[in-house]
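Chains, contacts and geometry: an overview
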Amino acid sequence: MSPLQHPPTVAVVGAGISGAACAAGLLQAGMAVTLFEKSRGAGGRLATRRAAWTGDDGSEHAVEFDHGAQAIAARQPRFRALLTRAEAAGVVARWRPRVHAAWPAAAVRDVYVGTPGMPALVRYLAHGVPLRLEQTVQRLHHTARGWQLMLAGGQVAGPYDQVVLALPPAQAAVLLAGHQDPWADTLAAVPMAPCWTLMAATDDVDWPWDAAEPDRGPLAWVARNDRKPGRSVPRGVATWVAQATPAWSAAHLEADPADVLQALRDALSALLPAPPAGGAPLRWYHGSVHRWRYALPAASTVDGRECWWDAERGLGVCGDCYSGGDVEAAWRSGDELADTIVAGLETPADAAEAAAAA
């Protein structure tokens with residue numbers, strides 16, 4: 001496109017990878033974009049959490065856990081090209097974990113992880129986009145001047161010419177109500193699977209796997225977080241991320257976190273080597289849990305499209321639930337929405353010039 005003389009203003013709500021991908025595409029096209037995020041940092045489910053404890057000698061120890069998406073798989077050329085650039089920039093690294101599973105047999109996978117933590121890829125994508133953190137959008141209001149975002153605490157942001165919602169379906173549905181009711185109704189009915197996640201730090205143990213997929217019990221995935229590239233831990237310490245199955249998480253969705261912690265800790269303990277006869281029991285330095293209420297879409301896609309765009313209203317929706325549920329799907333949805341929005345800005349002269357150039 002030729003440079004925009006009067007670039008539209010766009011508010012993108014949700015700074016996960018889908019929102020970051022959309023915001024990056026719009027910024028590159030010359031649009032005036034602002035990214036809103038309710039949390040303290042960008043990343044969404046590409047998340048890393050810090051924990052610390054005091055040792056017996058009084059020294060402080062700190063570790064980090066990737067408690068959301070565990071890795072990034074790349075299938076399509078365009079996403080692989082992005083990860084190649086990100087790897088050159090030092091924000092992702094290849095990880096080839098040896099994963100134990102009852103079926104299929106243990107195998108080495110070829111994936112990426114963010115470095116030094118999973119949110120690094122989102123920050124890389126969103127570089128240069130104005131980011132407003134700890135800004136919870138509670139309602140959208142449309143006026144003759146454009147979209148206003150009604151924020152928690154009574155603040156108002158805007159007006160904006162366009163709004164993009166890069167949120168889990170249930171959260172997007174709330175904001176769409178009264179503006180795009182068919183979309184709101186569809187998204188409100190999208191089933192999302194929850195996930196309880198355990199973060200633990202223990203003594204190092206002789207565990208031959210980098211990760212495992214148990215075939216029974218409450219856990220679906222167990223990983224040695226400290227074996228991912230770019231992670232550091234105190235000497236003699238192992239860090240673990242253990243994610244419960246969707247069924248177990250749903251059955252315990254409103255359980256007391258202390259009870260969930262004990263149950264998942266017991267399940268992890270059962271998978272670890274027992275101490276030698278007469279040896280000291282395994283020491284646990286840290287244990288906590290996080291509940292992802294909207295972890296993964298239960299269906300592979302909403303309606304076959306990778307994003308939704310209402311050009312007349314200047315209203316769009318993107319996210320991983322539109323095209324598969326993983327990190328690549330989320331990026332692809334946001335990137336596709338940006339392309340769709342930008343294509344609609346071309347004037348007849350722009351289109352003729354592009355066609356002549358082709």
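Please refer to the structure higher up on the page.
Keep in mind the model is a prediction, meaning the values are calculated, not measured.

1. Looking at the side chain of Thr239
In this fold, Thr239 is placed in strand β17 (residues 237-244). A polar contact is formed between the side chain of Thr239 and the backbone nitrogen of Asp226, at a distance of 3.0 Å. Ignoring sequence-local partners within four residues, the contact set of Thr239 consists of Val63, Phe65, Ala200, Ala201, Ala223, Arg224, Asn225, Asp226 and Val233.

2. A closer look at the sheet that holds strand β6 (residues 98-101)
Taking strand neighbours across the sheet as the criterion, the 7 strands line up as β7-β6-β15-β16-β17-β14-β18 in an open arrangement whose pairing is mixed. The outermost strands of the open sheet, each flanked by one partner alone, are β7 (107-108) and β18 (284-297). Across 2 bridges, the pairing between strand β15 (residues 211-213) and strand β16 (residues 219-224) is antiparallel. Opposite Ala211, over in β16, you have Ala223 as the bridge partner.

3. Things to note about the packing of aromatic side chains
Using the criterion set out here, one finds 5 aromatic pairs in the structure. Ring geometry for Phe36 against Tyr160: centres 6.1 Å apart, planes inclined by 90 degrees, an arrangement best described as edge-to-face. Pair noted here: Phe36 is in strand β2 (residues 32-36) and Tyr160 is in strand β12 (residues 156-160), with a separation of 124 residues, a long-range link. Accessibility classification places Phe36 together with Tyr160 in one group, the buried group. Ring geometry for Trp183 and Trp308: centres 5.3 Å apart, planes at 45 degrees, overall tilted. Of the two residues, Trp183 sits in helix α5 (residues 181-188) while Trp308 sits in strand β19 (residues 308-310), which places them 125 residues apart along the sequence. Here Trp183 and Trp308 have matching classes, each one buried. For Arg224, the ring lying beneath its charged end belongs to Trp240, and the centroid distance is 5.3 Å.

Parameters at a glance
Residues numbered from 1 in each chain as written. Predicted model: local features only at pLDDT ≥ 70, side-chain atom pairs only at ≥ 80, totals over all residues. Heavy atoms only, no water. Helix = DSSP H or I, 4+ residues; strand = E, 2+ residues; numbered from the N terminus. Polar contact = N/O pair within 3.5 Å; in protein donor to acceptor, adjacent residues only side chain to side chain. Contact = heavy atoms within 4.5 Å. Pairing = 2+ DSSP bridges. Phe/Tyr/Trp six-rings, centres within 6.5 Å; stacked < 30°, edge-to-face > 60°. Buried < 20%, exposed > 50% of the residue type's maximum accessible area, 1.4 Å probe, protein only. Lys NZ or Arg CZ within 6 Å of the ring centre and 35° of its normal.

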